[in-house]
Amino acid sequence: MSRRKLSLFAFVLLLIAAFVVVDGIASRRSQAAALRERADEVAVPTVSVIAPARSGESATLELPGRIEANARAPLYARVGGYLKRWTVDIGAHVRAGQLMAEIETPDLDQQLLQAQAELATARSAAALAASTARRWQALRATDSVSQQEADEKAGDLANKQSVVNALQANVDRVQALKRYARIVAPFDGVVTARQTDVGALINAGGAPGSELFVVSDVSKLRVYVSLPQAYVSAVKPGAKAQLIVPEDPGRPHGATVQSMSRAISAASGSMLIQLAADNPGAGLLPGGFATVRFELPRAAGTLSIPPAALMFGKSGLRVATVAPDDTVLIKPVTVARDLGHSIELASGLAPDDRVIESPPDGLENGDRVRIKAADAKTGAGGKR
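Because the structure is predicted, anything quoted here is derived from the model rather than measured.

J.: Even after reading the chapter, I still don't get the layout of surface pockets, so can you show me in this structure?
T.: Sizing a probe to match a water molecule and rolling it over the atoms shows the empty space that remains. Taken as a whole, the largest pocket holds about 210 Å³ of empty space. His-93, Val-190, Val-218, Ser-219 and Ala-282 are the residues nearest the centre of the largest pocket, which is lined by 15 residues in total. Top element by residues in the lining of the largest pocket is strand β11 (residues 213–228). It accounts for four residues. As a volume, the second largest pocket reaches approximately 160 Å³. Residue lining of the second largest pocket: Leu-310, Met-311, Phe-312, Gly-313, Arg-318, Pro-359, Pro-360, Asp-361, Gly-362, Leu-363 and Glu-364, and that is the complete set. Its residues assigned to classes, the lining of the second largest pocket shows six nonpolar, two polar and three charged.

Shown next, in the form of structure tokens:
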């Protein structure tokens, strides 16, 4: 009995060992199959596809612009002296000819007194020369003096009169300079800078930074924009645009293209254009920046895609699409216009192409891909 029990026990142990071995082999085979399936899934990338969007009748182009006053005049001193007083400060509205400041000119005042005194002396000498010339002409009538002597007295009178004219011109010049002691507004506008104060030494001249005031006409503004060469043919003088400023983004301001430089800058590849904008409420500030929005016409049938769908390489610009058998088909494309948020294509795509929205690196023609379930249900990524 003990021998039979031992044999039965050994047989049971053998069965258990065989079961453990078979179960281990089956488990390893199942894990290997799952690993191969997982590897196959990783090897086939999952992509999101979209349909090229059909462009509308117009496209929006936004560019940065620089705002400047319609007229800006830095006011310099034409005479030296000391600032006696100023009557307007920054932000003040002024009228053409309005007094803004006065300069005290002691040196110029003395020059004027000297010029007037010299003129008075010259006039006295001219008066004496005129009286002498008349007497000598009377004596010449009686042959009391020679013709030579009479001509000399007449010449002396003419010389004295010329001196009077020269000194009179000098007095007029100094008086004209004296009028520049009053700083007046050249046109209606706003004082945008004041660089002086009472008692300050004033030097005549127009050296940079020596202006006393700056007056700007802000009733109408000029906006300068660098227009990329690709859009030059789409923007013409008289075209309308909108200005959006950071301090008031919800309120666009109208503007009109006034002039174009008609030359492309070699440094930036763009053309400088000037827009005019009315500023009745002074909502636009000169010296600031604005976003200039143009509505550009589009060609019929133009397709557009997101910028992320473009592939850049040595072969040029390309777009990855998904063929009906879920393989990759890469197509070369030609860009018509880059609008920032979208790319307009001139050629290369069909309206029913399934475009990979963000193609992964290393994607090549013929590679198999898996389309996301949400995109597969809509056929081509839905309408965008």
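J.: How should I be thinking about the packing of aromatic side chains in this particular structure?
T.: Any aromatic ring pair is given by two values, namely how distant the centres are and how the planes are angled relative to each other. With the rule as written, the count across this model stands at zero aromatic pairs. In this structure, Arg-78 packs its charged tip against the face of Tyr-180, placed 5.0 Å from the ring centre. The ring of Trp-86 is capped by Arg-194, whose NZ or CZ atom sits 4.1 Å from the centre of that ring.

J.: I tried to follow the pairing of strand β7 (residues 99–104) on my own but got confused; where do I start?
T.: Put simply, side chains in a regular strand alternate between the two faces of the sheet. With five of six residues buried, β7 is to be regarded as a mostly interior element. One ladder, built from four bridges, connects strand β5 (residues 81–86) with β7; its direction is antiparallel. Bridge pairing links Leu-83 to Ile-103 in β7. As judged from the three bridges shared by β7 and strand β8 (residues 182–184), these two strands associate in the antiparallel manner.

Reading guide: rules and limits
Residues numbered from 1 in each chain as written. Predicted model: local features only at pLDDT ≥ 70, side-chain atom pairs only at ≥ 80, totals over all residues. Heavy atoms only, no water. 1 Å grid on protein atoms, 1.4 Å probe; cavity = no way out; pocket = protein on both sides within 12 Å on 5 of 7 lines; lining within 4 Å. Points joined across faces, edges and corners; volume = space filled by probe spheres on them. Helix = DSSP H or I, 4+ residues; strand = E, 2+ residues; numbered from the N terminus. Nonpolar A, V, L, I, M, F, W, Y, C, P; charged D, E, K, R; others polar. Phe/Tyr/Trp six-rings, centres within 6.5 Å; stacked < 30°, edge-to-face > 60°. Lys NZ or Arg CZ within 6 Å of the ring centre and 35° of its normal. Buried < 20%, exposed > 50% of the residue type's maximum accessible area, 1.4 Å probe, protein only. Pairing = 2+ DSSP bridges.

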